[in-house]
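Descriptive analysis of the structure
Given next are the chains, with one letter for each unit.
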Amino acid sequence: MSPSRSVLLAALSAALGTACGKTFLLDGPLSPRPESRPAGTARLRAGFGRADITPPGGVGLAGNGPEGRRARGYRLRLFARVMLLEDPAGNRLALVVADLPLGSALLHRRVAGLTAASDGIGLDRLFIAVTHTHSGPGHYFESGAYNDQGSSVVGYSAVLVDSLAHRIAAAVHAARLDLREARAAWGSRRIWGYARIRSMPALLRNLPPPAAPADAPDSLPLEYRLIDPTFTMLRIDQRDSLTGSYRPAGAFSIFAIHGTGNASENELLDADLHGLVERRLERHIDPSGAFVPKAFHLFANGAEGDVSPAWPSQSRCALPVLAPWTLLDGPFTRPLWQWQPIPRPDAAACIHAARRAVERIGNGLGDEAIKLFDSLGGALDDRSSLGAPSQPWRSARTRSPSESAGCRPSERPSWVARPTRLRGSSTGDCWDCFRWASSRERPMRVVAVATVPSASSSMLSSGVFRTAWLPEKLPPLPSSPCCGSATGLLERSRERQPRMRDGVCGRVCSKRSTGSAFRWTPR
Amino acid sequence: MVEDASQMTAIRRGLWFLLWAGGTPLHAQAGARFDLATSNRYVWHGLSRAAGIVLQSSLAVGYRLRGFTLSSGLARHYELDRVSPDELSEVGNSQGRLGEDDLWVQADLALGAVRLRSGVARYVFRGGSPQGGGGSLGNTTETYLALGAVTAYLNPLLEAWWDVDRVRGGFLRASANSPVFGWPIEPFFFISLAGEIGLNLGQHPDPARPGDLANFSQRGLTHAGLGLDVLFRVSQRPGLGSANLNLELNGQLNLDDATRYNGAGRNKNVIFWLSAGVTLLLGGEARAQR
């Protein structure tokens, strides 16, 4: 989307959101109290699940805005992968990474509604992150703006929401059934050259001026050195019940890179860069050659809003332009206007260039993931525990068309969702975390920014349940400045504002950028 | 033998033409357009021809082969309100409402951003002279040649018209339109500005040809106009076409006595008129239009 159109859409959406609707509680079931585990199972347990969430063709490919095309088929199928962790106290946490373009509070609650009773995963223990592929379906958002403006195909689909919710819930259920004693290891590695800052002019307005990390290769251009290139992974090995030995089962990893390498003219559903990285590691862990490997790699998006993949400029398609419609424009007819599409040969050229870039970047990152996964084999530990939630879940308040007379009535569950502050939370309304505490008393924290789409944030931060990784030595939470939200659009519309660097803990966390979910602290 | 050879050449050329046409993308072939508009004034070449409630309908069909388009259409001009004797009207006191039929045929060639088009327009006036209308004595034919460009912000067009029948003389029209705003999400709407000036080169009274009709009073600038157009894409049916609503506000500065003429004994230096219409596009590029 061109900057001017992005700004226009953001402004109009904000105006609509302000004008329309009262708020109501978009609620969902909390997790039940953990059941006490049988004696002798005082170890970490982990399970994995997977669901094919590829919709049929015809849906809009969301993420590119009006340039997003209608799907005509698929290239790489879309999956939702689930890693379910259970600590010795029976606390469960479901991490879901779905090959979808944008997060949806509605989808999150629908899934939680299905998994709370059956698997003990309520909305306080369910994280749904998306890869942000722009080649995934739209139409499943609680935000009318996203349903209507995510692609050139307009509308909300209750069928799609139900389908996605049931499939993801089925994957969570499969992961619960797969729970087995497990060993885990966290690790990270710095990977340069695959991602770069997307808006250098905006970044350079930061005060103090941004500086590249010491280990950034001098050979790289500045835009490639001003990111946090940390690729973080949680490796899980499961115990084989027959042999009693542990075997590699899967991983959850985080890297800050925008989830799309495909060109906006692409007409195929596709898991994009993240799909390649996921598959590359899965086929390394399970080299059987099965179409769907038995291994699982959940590749979550880090703070990727302003971190672009290293695609070449020729892989970005030109934008449609306003042009008079000349066919049958006779001597006495008035001019008509259209959004003139780019010529087909130009579209083919940028699609092809983008695919080459996707394969190079995806396979390269996949190889790096394999190296990291293999290096963690010696650090596996089966005594890790999950922290208990220190704050109860506070549901976001959202606006509903049914409660807003005069605004567009529809079956959409909400027009706009608005985050609320966590009561007593000292982290502000930017983000919250849960914390992974290992038995070695080395707190490692996974930060999950649950972005609830709102009038401003749905446009500015993409409304995605995003995850980010914080380094081991974290300053006290109240002063923590990190945000995991996407900021690309924010910077476009407010370039003079100082802002954070995605993937790096920055200075400013806009109060408008993200919502709050919940927070875990070590016991 | 010579005849056979020429036949073979014709057949060969025909086959090449079919191959060329067959290779043309489907989305760029036959299309049709239907316009229905109402306005409080009918203005042609800067000349006010009817005032009051007028209704204009037109049908056009065309076929595009790559950048070349052949099209033809018929526009009919109706006057819906009762006409007083000194009022601008083509119908006059005749019984019918139909004032004018315009039939046109046009060839259009697009070469990148440049557009070249040429055509013939036949004007048939339906009102009867005794009743105060234009009458068939005014029937005439014009040819035209136009050169235009389609750019991101401005679309200029220069048209040269030549009356080859009753008026005999040239008229130049320079116009440009510019998109001011386009809403990128369905339903689309567009706002554009348009301006034009007219220059008469020979369609004024000529003492050497007293039998000819005249459109203007003298050589030189005839008018300068400005318009604001709002186009709303009401419906878009992929594979079929689209329906569009159009609202247009026009203003014109009249610089020639003929363009100032506003009915018996009436002159207006500046005129404004409003028009609203619907346009249906079927087939051709309209099937995948955005």
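Please refer to the structure placed before this passage.
Positions within a chain are numbered from 1, following the residues in the order the chain's sequence is written. In the order they appear in the text, chains get letters beginning with A and ligands get numbers beginning with 1. This being a predicted model, a pLDDT of at least 70 is required before a residue's local features are given, and a value of 80 or more before pairs of side-chain atoms are given or counted; all residues contribute to the totals for chains, interfaces and linings.

Considering the overall build of chain A
- By definition, any uninterrupted DSSP run of H or I lasting at least four residues is a helix, any uninterrupted run of E lasting at least two residues is a strand, and each is numbered from the N terminus. Along its length, chain A carries 10 helices and 25 strands.
- Here chain A holds 523 residues, and the buried ones make up 57% of them.
- Each residue gets a C-beta atom placed from its backbone, and two residues are in contact if those atoms lie within 7 Å. In chain A, the proportion of contacts linking residues at least 24 apart, taken out of those at least 6 apart, comes to 79%. Three exposure classes are used, based on other C-beta atoms lying within 10 Å of a residue's own C-beta, which is placed from the backbone: buried for 20 or more, exposed for 12 or fewer, and partly exposed in between.

Structural notes on the sheet that holds strand β6 (residues 140–149) of chain B
Residues and elements named next belong to chain B.
- DSSP-based pairing: two strands are paired if at least 2 bridges between them are found. Pairing within the closed barrel is antiparallel, and its 12 strands lie in the order β1-β2-β3-β4-β5-β6-β7-β8-β9-β10-β11-β12. Strand-to-strand, the axes of this sheet are offset by a mean angle of 20°, without reference to chain direction.
- Relative to strand β8 (residues 169–182), strand β7 (residues 155–163) runs antiparallel, the two being bridged by nine bridges. Opposite N155, over in β8, you have N177 as the bridge partner. Whenever a helix is involved, its axis is fitted only over the stretch in contact; in every case the axis is a line through C-alpha atoms, and angles between N-to-C directions fall within 0 to 180 degrees.

Observations concerning helix α8 (residues 344–375) of chain A
- Expected helix span is taken as 1.5 Å per residue step, with the number of steps being one fewer than the number of residues. Helix length check: α8(A) (32 residues) gives 46 Å between terminal C-alpha atoms against 46 Å at 1.5 Å per residue, within 8%.
- Residues of α8(A) that are buried in the fold lie against β9 (180–190), β11 (230–239), β12 (246–255), α7 (272–285) and β15 (307–309) of chain A.

Regarding the sheet that holds β12(A)
Residue and element names in this part refer to chain A.
- What the eight strands build is an open sheet, ordered β7-β6-β5-β2-β9-β11-β12-β14; its pairing is mixed. Only two strands of the sheet have a single partner each, and these edge strands are β7 (126–130) and β14 (296–301). Across the sheet, the mean angle from the axis of one strand to that of its neighbour is 25°, orientation sign disregarded.
- Looking at chain direction, β12 and β14 are connected through six bridges and run parallel. Each residue of the ladder has a partner; that of F252, found in β14, is L298.
- Along the sheet, α7 makes contact with β12 and β14, crossing β14 at roughly 155°.

Side note on the nonpolar core
Residue and element names in this part refer to chain A.
- By convention in this section, buried Ala, Val, Leu, Ile, Met, Phe, Trp, Tyr and Cys residues joined through C-beta atoms within 7 Å make up a nonpolar core. V82, M83, A94, V96, I168 and V172 are the most contacted members of the largest nonpolar core, which totals 98 residues.
- Tallying contributions element by element places α8 first for this core, with nine residues.
- Ignoring any residue separated from it by four or fewer positions in sequence, one finds M83 in contact with A46, F48, L95, A175, I236, G250, F252, F296 and L298.

A closer look at the interface of chain B and chain A
- The interface of chain B with chain A comprises 40 residues on the first partner and 25 residues on the second.
- Contributing elements (two or more residues each) for the side of chain B that touches chain A: β1 (31–44), β2 (47–65), β3 (68–79), β4 (98–111), β5 (114–125), β8, β9 (189–200) and β11 (241–254) of chain B.

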